[in-house]
Amino acid sequence: MARIVMKFGGTSMAGIERIRSVAARVKREVEAGNQVAVVVSAMAGETDRLVGFCREASALYDPREYDVVVSSGEQVTSGLLAIALQALGVPARSWLGWQLPIHTSDAFSRARIGTIDTAALDESLARGEVAVIPGFQGVADEADGRPGRITTLGRGGSDTSAVAVAAAMKAERCDIYTDVDGVYTTDPRIVPRARKLARVTYEEMLELASVGAKVLQTRSVGLAMKENVRVQVLSSFTGEDAPMADTLPGTMIVGEEEIEDVERQLITGIAHDKNEAKITLAAVPDRPGSVASVFAPLAEAGINVDMIVQNIAHSTGSTDVTFTVPSADLARSLDVLGQAKATIGYEKLVHDTRVAKISVVGVGMRSHAGVASTMFTTLGERGINIQAITTSEIKVSVLIEEDYTELAVRVLHTAYGLDAETAAG
């Protein structure tokens, strides 16, 4: 008997008919003799609707009450799925975040999971019940003698909840059902010959998620790697007569030790991200501490800076500094830098939102030379100019003009030998 965590996203829970379909899929796992916990998201679009209500009520809403409101979407779907399972003759009950409980920090709307008490959950599973757990939520510990309050984990928190529950109950694996059937070498909508990957290492998935791949949230992958939780990405839209999850051709996210001959595959995947904005500060004084004066106020404002390029110093004793920030943080970044202009001493600020980040990722880079050279040569032959570069042990990312995004992904996919013989799907 295996312990399995099944996680279903908003599109899988969007309406009663889809919830019934999820219940039928869960029932099959139970009939196979597995102990099952299910983590669910709110119905597609529901969290946005609830967030909108909070903003309408007050632009300066209390984040504690905000969490009470937005966590209700998952409460609804957990109860509905439990009802649908009971209608199929499957013993089931819902467990809200405070009932297990899932202990979190008190950073409301962006809490982090601490510990999960599984004693009651273990007893429930032993009785043959399916535990239906709302994702995205937990409870803060008592403060000043007052009961802890409901917390939410931030967007994408349901994936993190599922991995955390799997780790706490020592599950064999965490199956994440979504609207794609696995992790591909790149976006199949751009490259029809993209290949679905049978296995990807935690490190590779973490890098892919951080540079634009939308399959899994970065936090959930990082937690899976830390806790050594095997995560499988599957489609929730296969037919009811599809094979069982452990035989489906999804993608398994695992440790390097589970992948044979990791050196054989040089590049695992190519990701792109258009949600980047480039900022250039012209004529920054070229002296010790000047770069710190640029990035310190951005850090204090909680703005993540990605690529950084410092140009050759000018004869005037100044230099230009270029870097990228998430597009959503551009307005705040410009405001912060504007307020710090006198301290930094730059002459002019220029920004550009028509840029994209292209990244190649693969653990094979550790033992192979020439990955970056192939990337630069391939882009250069197509007349695609590189505006910035950043690297890690298993990743090379470049910043290019947004209009060349699809072309860059296609030619790099071919250059690294990732094309399948036939188109996906």
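Look a little higher up for the structure.
Only a predicted model underlies this, so the values are computations on that prediction, with no experimental measurement involved.

Student: Explain the side chain of Ser 359 to me, and be specific about the residues and the numbers.
Tutor: Mapped onto the secondary structure, Ser 359 falls in strand S16 (residues 348-361). Within polar-contact distance, the side chain of Ser 359 engages the side chain of Ser 397 at 2.5 Å. Those residues in contact with Ser 359 that lie beyond four places of it in its chain are Val 211, Gly 269, Ile 270, Ala 271, Lys 395, Val 396 and Ser 397.

Student: An account of the packing of helix H1 (residues 16-31) against helix H4 (residues 72-87) is requested, with residue identities and associated values reported.
Tutor: When two helices pack together, their arrangement is given by the angle between their axes and by how far apart the axes lie. Contact geometry of H1 with H4 gives a least axis separation of 9 Å together with a crossing angle of 60°. In terms of orientation, H1 and H4 fall into the oblique class. When you trace H1 past H4, the crossing you get is right-handed. Contacts between H1 and H4 pair Ile 16, Ile 19, Val 22, Ala 23, Val 26 and Lys 27 from the former with Leu 80, Leu 81, Ala 84 and Leu 85 from the latter. Here the contact of H1 with H4 is built from residues that sort into 9 nonpolar, no polar and 1 charged.

Student: Quick rundown of unusual backbone geometry? Include the residues and the values.
Tutor: Following Leu 100, the chain continues to Pro 101 via a peptide bond in cis, the omega torsion being -5°. Within the secondary structure, Pro 101 is located in the loop between strand S3 (92-94) and strand S4 (102-104). Notably, Phe 136 is not glycine yet its phi reads approximately 80°, a positive angle. Relative to the helices and strands, Phe 136 is located in the loop between strand S6 (130-134) and strand S7 (137-140). With a relative accessible area of 6%, Phe 136 lands in the buried category. Backbone geometry at Ala 283 places phi at a positive 60°, although glycine is not the residue there. As for its position among the elements, Ala 283 is in strand S13 (residues 269-285). A relative accessible area of 13% places Ala 283 in the buried class.

Student: Break down the sheet that holds S7 for me, citing the residues and quoting the values.
Tutor: Strand order in this open sheet of 4 strands is S5-S4-S7-S8, and the pairing throughout is mixed. Since the sheet does not close on itself, it has two edges, and those belong to strand S5 (113-116) and strand S8 (150-152), each with one partner. On average, each strand axis in the sheet is inclined to that of its neighbour by 45°, with strand direction left out of account.

Student: Lay out the packing of aromatic side chains in plain terms, naming residues and giving numbers.
Tutor: Scanning the model with the defined rule gives 3 aromatic pairs in all. Where Phe 8 meets Tyr 177, the ring centres are 4.6 Å apart and the plane angle is 15°; that geometry is what we call stacked. Of the two residues, Phe 8 sits in strand S1 (residues 3-8) while Tyr 177 sits in strand S9 (residues 173-178), which places them 169 residues apart along the sequence. As far as burial versus exposure is concerned, Phe 8 and Tyr 177 are alike and both buried. Just above the ring of Trp 95 sits the side chain of Arg 93; from NZ or CZ to the centre is 3.6 Å.

Student: Explain the sheet that holds strand S15 (residues 318-326) to me, and be specific about the residues and the numbers.
Tutor: Strands sit in the order S14-S15-S13-S16-S18-S17 across an open sheet of 6 strands; the sheet is antiparallel. Sheet topology places strand S14 (308-310) and strand S17 (388-392) at the edges, where each strand pairs with a single neighbour. Neighbour-to-neighbour, the strand axes of this sheet turn through a mean angle of 25°, independent of strand direction. Bridge analysis of S13 against S16 gives 11 bridges, and the strand direction is antiparallel. Bridge pairing in S16 links Lys 278 to Asp 352.

Student: Any details on the packing of helix H6 (residues 157-168) against helix H8 (residues 218-227)? Residues and values, ideally.
Tutor: Relative to each other, H6 and H8 sit at 15°, their axes nearing to 8 Å. Here H6 lies roughly parallel to H8, going by the angle between them. Crossing hand, H6 versus H8: left-handed. Side by side, H6 and H8 meet where Asp 159, Thr 160, Val 163, Ala 164 and Ala 167 of the first sit next to Arg 219, Ser 220, Leu 223, Ala 224 and Glu 227 of the second.

Student: Describe the pairing of strand S2 (residues 35-40), listing the residues and the values that go with them.
Tutor: Burial of S2 is extensive: 6 of the 6 residues sit out of reach of the surface. Residues of S2 alternate between two faces, with Gln 35, Ala 37 and Val 39 on one and Val 36, Val 38 and Val 40 on the opposite face, all of them buried. Across 6 bridges, S1 lies against S2 in parallel orientation. When the sheet's bridge partners are listed, Arg 3 is paired in S2 with Gln 35. Each parallel crossover has a hand, and the one from S1 via H1 to S2 is right-handed. Judged from the 4 bridges that link them, S2 and S6 form a sheet pairing that is parallel. If you follow Val 38 over to S6, its bridge partner there is Val 132.

Rules used in this analysis
Residues numbered from 1 in each chain as written. Predicted model: local features only at pLDDT ≥ 70, side-chain atom pairs only at ≥ 80, totals over all residues. Heavy atoms only, no water. Helix = DSSP H or I, 4+ residues; strand = E, 2+ residues; numbered from the N terminus. Polar contact = N/O pair within 3.5 Å; in protein donor to acceptor, adjacent residues only side chain to side chain. Contact = heavy atoms within 4.5 Å. Axes fitted to C-alpha atoms, helices over the stretch in contact; angles between N-to-C directions. Parallel < 35°, antiparallel > 145°, perpendicular 65-115°, else oblique. Left-handed = near helix turned anticlockwise from the far one by under 90°. Nonpolar A, V, L, I, M, F, W, Y, C, P; charged D, E, K, R; others polar. Buried < 20%, exposed > 50% of the residue type's maximum accessible area, 1.4 Å probe, protein only. Pairing = 2+ DSSP bridges. Phe/Tyr/Trp six-rings, centres within 6.5 Å; stacked < 30°, edge-to-face > 60°. Lys NZ or Arg CZ within 6 Å of the ring centre and 35° of its normal. Right-handed = clockwise from strand over helix to strand, strands pointing away.

So far we have only geometry, and geometry alone does not tell us how the molecule works.
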